[in-house]
Amino acid sequence: MQQNPFLAILTRLGTFVLVMVVLSIMIFVLARVVPGDPARMALGPTATPEQVSALRTEMGLDDSLPVQYVSYIARALQGDLGMSLLSQRPVTVDLGQTVPATVELVLVAVIIMFAVAIPLGVMTAHFRDRWVDHVGRLFSLVGVTIPSFLFAISLQLLVARYFGDWPIIGRMDHSLGFAGGPTGLMLVDALLAGRMDVFVSALQHLALPAVALSMAGIGQITRITRSAMLENRRKDHVLTLQSFGVPERVIIFRYLLKLSSIAPLTIMGLEFASLIGNAFVIEMVFSWGGFASYGLNAILQKDLNAVTAVVLVSGLFFIVANLIVDVLIAIIDPRMRRKEAR
């Protein structure tokens, strides 16, 4: 029997909601049991006990954890994520200014990952056990084993040494006088404003952090693509095509690549979480000023509302990425849309 697609979608959405609820409970509790008084950290060491007590009451820290959680969720459902102790602004305002920078960085990193990893995986599988395969496997091994922050620092040093005019920090050249646009994505806003000089500057600033962020994913996806290509090449229908004399390039790009793309897409759903995690370090190295560096500062300062919001938004990104991956896999392989009834 064929499963009702709407029921499958509802089931998946229900699972995602449950994951978000569990995630919100976990981070809410962890953020409040970690040693350190947020009120004291917000006011500084010179604050009087009366000032600290008043701020704790204002923040609701004197209530029990269940009461605090219910109050937080009630406000969050209305779009109120509280005030940031670090910036003294609503957390939603901070997220609106920092999330687009990280989204732009991650999206460009994903594009680089697929643009490099898929062709490299296909080439290493096609030239198996030849020098191309050995070089490709070595490159993928380096990408998987070396930490992203080491790639980031190495790129900065190399570019600063041999390409002195290439920017290595920030999102764009502020001397161009561009204040941003409606989307917060610098590349998109520059195109919408017709500012090609800003677009080129933003692309130059984006290149190094995006490459550093994508290296681990490139190594992983290259290895998965190579394995999938070699496995599918042994399938009966591929052997039949070869026996009929179908050109190799047709077999690879029309049949093998489509079948072999399912495994890399599945891994991509997991790699997205790694991209968000690695972005915390990459943004600090390149002074990117995005959502990840905002979250790291919030963690270091124990900014409760900001920390909780950062983790929830990260979880939401991961869930949306996996949902997109599931849809793409279902489009590529119709068999994924069918399940046998028990």
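Residues numbered from 1 in each chain as written. Predicted model: local features only at pLDDT ≥ 70, side-chain atom pairs only at ≥ 80, totals over all residues. Heavy atoms only, no water.

Student: Looking at this model, I keep getting lost on the overall build of the protein chain. Mind explaining?
Tutor: Of regular secondary structure, the protein chain possesses 14 helices and zero strands. Starting at the N terminus, the α and β elements of the protein chain follow one another as α-α-α-α-α-α-α-α-α-α-α-α-α-α. C-alpha extents for the protein chain along the principal axes are approximately 85 × 65 × 40 Å. For the protein chain, buried positions account for 41% of its 342 residues. Partitioning the intrachain contacts of the protein chain with sequence separation of at least 6 by distance along the chain shows that 70% fall at a separation of at least 24. For the protein chain, the accessible area works out to roughly 18900 Å², and carbon and sulfur atoms hold 68% of it. Taking the average place of the 26 positive charges on the side chains of the protein chain and the average place of its 23 negative ones, the gap between the two points comes to 12 Å. (Helix = DSSP H or I, 4+ residues; strand = E, 2+ residues; numbered from the N terminus. Buried < 20%, exposed > 50% of the residue type's maximum accessible area, 1.4 Å probe, protein only. Contact = heavy atoms within 4.5 Å. Areas by Shrake-Rupley, 256 points an atom, 1.4 Å probe, with all protein chains shown as cover. Lys, Arg positive; Asp, Glu negative; His and termini not counted. Charge placed at Lys NZ, Arg CZ, Asp CG, Glu CD.)

Student: I keep staring at the UniProt feature "transmembrane region" (unreviewed entry) in the protein chain and nothing clicks. Help me out?
Tutor: UniProt's entry tags residues 6-31, 105-127, 139-163, 206-225, 262-286 and 306-332 with the feature "transmembrane region" (unreviewed entry), counted in the numbering of this structure. With 100% helix and 0% strand, residues 206-225 has end C-alpha atoms that lie 27 Å from one another. Secondary structure across residues 262-286 comprises 96% helix and 0% strand; the distance between its end C-alpha atoms is 33 Å. (UniProt positions renumbered as here; feature names shortened; annotations may be inferred.)

Student: What's the story with the layout of surface pockets in this structure? I'm lost.
Tutor: One number sums up the size of the second largest pocket: a volume of about 460 Å³. In this structure, the second largest pocket is lined by 24 residues; those nearest its centre are Glu58, Met59, Gly82, Met83 and Asn305. Elements supplying a minimum of two residues to the lining of the second largest pocket: α1 (5-33), α2 (38-43), α3 (49-59), α4 (65-76) and α14 (304-332). Ranked by residues supplied to the lining of the second largest pocket, first place goes to α4 with five residues. Looking at the lining of the second largest pocket, its residues break down into 12 nonpolar, seven polar and five charged. (1 Å grid on protein atoms, 1.4 Å probe; cavity = no way out; pocket = protein on both sides within 12 Å on 5 of 7 lines; lining within 4 Å. Points joined across faces, edges and corners; volume = space filled by probe spheres on them. Nonpolar A, V, L, I, M, F, W, Y, C, P; charged D, E, K, R; others polar.)

Student: Help me out: how do you make sense of helix α12 (residues 262-285) in this one?
Tutor: Look at α12: 34 Å from first C-alpha to last across 24 residues, which is about the 34 Å you get at 1.5 Å a residue. Taking the largest bend as the criterion, α12 deviates by roughly 35°, centred on Gly269. Count one or two residues on from α12 and you reach Ser287, which has phi positive near 50°. (Expected span 1.5 Å × (residues − 1). Bend = angle between axes of the 7 residues up to and from the residue.)

Student: Explain the domain arrangement of the protein chain here, please?
Tutor: Taken as a whole, the protein chain is organised into domain 1 (5-78) and domain 2 (91-333). One C-alpha centre belongs to domain 1, the other to domain 2; they are set 31 Å apart. Carbon and sulfur atoms supply 74% of the area buried between domain 1 and domain 2, which totals about 1500 Å² over both sides. Joining domain 1 to domain 2, the criterion identifies zero salt bridges. Of all the secondary-structure elements, those providing two or more residues to the side of domain 1 that touches domain 2 are α1 and α2. The residue inventory of the side of domain 1 that touches domain 2, partitioned by class, reads 13 nonpolar, two polar and two charged. (Domains from an automatic or database assignment. Buried area = accessible area lost by both parts, 1.4 Å probe. Salt bridge = Lys/Arg side-chain N within 4 Å of Asp/Glu carboxyl O.)

Student: Is there a simple way to explain a nonpolar patch on the surface in this structure?
Tutor: Residues Leu10, Leu13, Leu316, Val320, Leu323, Ile324, Val327, Leu328 and Ile331 make up a contiguous nonpolar surface patch of roughly 770 Å² in combined accessible area. Contributing elements (two or more residues each) for the nonpolar patch: α1 and α14. Among the elements that line the nonpolar patch, the one with the most residues is α14, at seven residues. Residue classification places Leu13 among the partly exposed residues on the basis of a relative accessible area of 38%. (Patch = residues over 30% accessible without salt bridge, like charges linked within 9 Å, V, L, I, M, F, W, Y side chains within 5 Å.)

Student: Sorry, what's going on with unusual backbone geometry here?
Tutor: A negative phi angle characterises most non-glycine residues, just as the trans form characterises most peptide bonds. With a phi close to 65°, Asp129 is a non-glycine residue in the positive phi region. In this structure, Asp129 sits in the loop between α5 (91-126) and α6 (131-145). Phi at Ser287 takes a positive value of approximately 50°, unusual for a residue other than glycine. Structurally, Ser287 can be placed in the loop between α12 and α13 (291-300).

Student: Sorry, what's going on with the pattern of salt bridges here?
Tutor: Once their charged atoms are close, side chains differing in charge can pair, the charge on each being opposite to the other. Counting across every chain of the model gives six salt bridges. Residue Arg171 is joined to Glu104 by a salt bridge in which the shortest nitrogen-to-oxygen separation is 2.7 Å. Of this pair, Arg171 sits in the loop between α7 (148-162) and α8 (186-192) while Glu104 sits in helix α5, placing them 67 residues apart in sequence. Residue Arg171 is classed as buried on the basis of its relative accessible area of 15%. Asp133 is paired through a salt bridge with Arg226; the nearest N and O atoms lie 2.8 Å apart. Of the two residues, Asp133 is situated in helix α6 and Arg226 in helix α9 (residues 196-233); the sequence distance between them amounts to 93 residues. Looking at Asp133, the relative accessible area reads 0%, which means it is buried. The exposure class of Arg226 is buried, given its relative accessible area of 13%.

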